[in-house]
Amino acid sequence: QVQLVESGGGLVQAGGSLRLSCAASGRIFGHHTMGWFRQAPGKEREFVANIRWSGGTTYYADSVKGRFTISRDNAKNTVYLQLNSLKVEDTAVYYCGVRPGGVGAAWQYWGQGTEVTVSS
């Protein structure tokens, strides 16, 4: 099984930056995809970004394009999310996940979440 440990959340003022980390204890294979999701209070969990473990192809939600950057360090089994130009509406619990299957398959593993609060 894959265990995911997230860190890096906190309180930041609008316009500021944070870097979230998600370390995987299990082996991540080249055909796997790792991603970030977020859930704001009273709202459903939404997709933020993902990255193919092999090759590094990325995909972003329109709401974060140009502001957030997903990356990974294969040697450390870690995925990162750089959050820049933060807005109040970015406030949410951010989760990382692993999708072992292809596009359309289930996101099988999840981290515990790390809370990001953006103040005005």
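Refer to the preceding data block for the structure.
Residues numbered from 1 in each chain as written. Predicted model: local features only at pLDDT ≥ 70, side-chain atom pairs only at ≥ 80, totals over all residues. Heavy atoms only, no water.

Undergrad: Mind showing me how you'd approach the packing of aromatic side chains here?
TA: Inspection of every chain in the model, using the stated rule, returns five aromatic pairs. Seen in terms of ring centroids, Phe 37 and Phe 47 are 5.6 Å apart; in terms of plane orientation they differ by 75°. Their pairing is edge-to-face. Residue Phe 37 is found in strand S4 (residues 33-39), and its partner Phe 47 is found in strand S5 (residues 46-52); the two are separated by ten residues along the sequence. Seen from their ring centres, Trp 107 and Trp 110 are 6.5 Å apart, and the 40° between their planes marks the pair as tilted. On the accessibility criterion, Trp 110 (33% relative accessible area) is partly exposed. (Phe/Tyr/Trp six-rings, centres within 6.5 Å; stacked < 30°, edge-to-face > 60°. Helix = DSSP H or I, 4+ residues; strand = E, 2+ residues; numbered from the N terminus. Buried < 20%, exposed > 50% of the residue type's maximum accessible area, 1.4 Å probe, protein only.)

Undergrad: Help me understand the state of the cysteines in this model?
TA: A covalent bond bridging the sulfur atoms of two cysteines is what the word disulfide describes. Overall, the coordinates contain one disulfide when judged by the stated rule. A sulfur-sulfur separation of 1.8 Å characterises the disulfide bridge that pairs Cys 22 with Cys 96. With the S-S dihedral at roughly 50°, the linkage between Cys 22 and Cys 96 falls on the right-handed side. Pair noted here: Cys 22 is in strand S3 (residues 18-24) and Cys 96 is in strand S9 (residues 92-99), with a separation of 74 residues, a long-range link. A residue is classified by how much of its surface remains accessible, and Cys 22, at 0% relative accessible area, is buried. (Disulfide = S-S within 2.5 Å.)

Undergrad: Even after reading the chapter, I still don't get the sheet that holds S3, so can you show me in this structure?
TA: Note on sheets: strands pair through backbone hydrogen bonds, and any given pair is parallel or antiparallel. On the basis of which strands lie adjacent, the open sheet formed by four strands has the order S1-S3-S8-S7 and antiparallel pairing. Looking at which strands have only one partner, the edges of the open sheet turn out to be strand S1 (4-7) and strand S7 (68-73). Shown here is a sheet whose adjacent strand axes are inclined to one another by a mean of 15°, direction ignored. Bridge analysis of S1 against S3 gives four bridges, and the strand direction is antiparallel. Across the sheet, the residue bridging to Leu 4 is Ala 24, located in S3. (Pairing = 2+ DSSP bridges. Axes fitted to C-alpha atoms, helices over the stretch in contact; angles between N-to-C directions.)

Undergrad: Before we go on, may I ask you to explain the pattern of salt bridges in this structure?
TA: If the charged atoms of two oppositely charged side chains come close together, the side chains can form a pair. Per the counting criterion, the structure on display carries four salt bridges. With its nearest N and O atoms 2.8 Å apart, the salt bridge here joins Glu 46 to Arg 38. In this structure, Asp 90 and Arg 67 form a salt bridge, with 2.7 Å as the shortest nitrogen-oxygen distance. With a gap of 23 residues between them, Asp 90 in the loop between strand S8 (78-83) and S9 and Arg 67 in the loop between strand S6 (58-60) and S7 connect regions that are remote in the sequence. Comparing Asp 90 with Arg 67 shows no difference in burial state: the two are buried. Residues participating in the shared-partner salt-bridge network are Arg 38, Glu 46, Arg 67 and Asp 90. (Salt bridge = Lys/Arg side-chain N within 4 Å of Asp/Glu carboxyl O.)

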